[in-house]
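Overview (structure and organization)
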Amino acid sequence: MKQLTTPTPAAGGDPIVDLSKAPMPTAKTLKMRQSLPFQFTRFLSFNSRIMRMVIKGHH
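Residues numbered from 1 in each chain as written. Predicted model: local features only at pLDDT ≥ 70, side-chain atom pairs only at ≥ 80, totals over all residues. Heavy atoms only, no water.

Re the overall build of the protein chain
For the protein chain, the helix and strand inventory stands at 2 helices and 0 strands. Across the 59 residues of the protein chain, 0% fall into the buried class. (Helix = DSSP H or I, 4+ residues; strand = E, 2+ residues; numbered from the N terminus. Buried < 20%, exposed > 50% of the residue type's maximum accessible area, 1.4 Å probe, protein only.)

Details of the packing of aromatic side chains
Under the defined criterion, the tally for this structure stands at 1 aromatic pair. Seen in terms of ring centroids, Phe 40 and Phe 43 are 6.3 Å apart; in terms of plane orientation they differ by 25 degrees. Their pairing is stacked. You can see Phe 40 and its partner Phe 43 sitting in helix α2 (residues 36-57), 3 residues apart, about one turn around the helix. Given a relative accessible area of 48%, Phe 43 falls into the partly exposed group. (Phe/Tyr/Trp six-rings, centres within 6.5 Å; stacked < 30°, edge-to-face > 60°.)

Focus: a nonpolar patch on the surface
On the surface, Phe 46, Ile 50, Met 51, Met 53, Val 54 and Ile 55 cluster together to form a nonpolar patch covering roughly 580 Å² of accessible area. Summarising the element assignment, Met 51 is placed in helix α2. (Patch = residues over 30% accessible without salt bridge, like charges linked within 9 Å, V, L, I, M, F, W, Y side chains within 5 Å. Areas by Shrake-Rupley, 256 points an atom, 1.4 Å probe, with all protein chains shown as cover. Salt bridge = Lys/Arg side-chain N within 4 Å of Asp/Glu carboxyl O.)

Focus: the environment of Arg 33
Residue position: Arg 33 is located in helix α1 (residues 27-34). If sequence neighbours within four positions are ignored, Arg 33 has contacts with Pro 25 and Gln 39. (Contact = heavy atoms within 4.5 Å.)

By themselves, these observations are geometric and do not establish any function.
Below, the structure written as structure tokens:
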């Protein structure tokens, strides 16, 4: 069985993953992330899906 190891940083403090070309969120995306009503709606939606799975699992 192969043993898992954690990666060590490269010499000179170079990052392991280069995220400099990752897309930046738009202004609309940032506003939605900070919106409490939107986050609460997502919270309720996610929790209802989880509860549906739990209820289906308990015949």
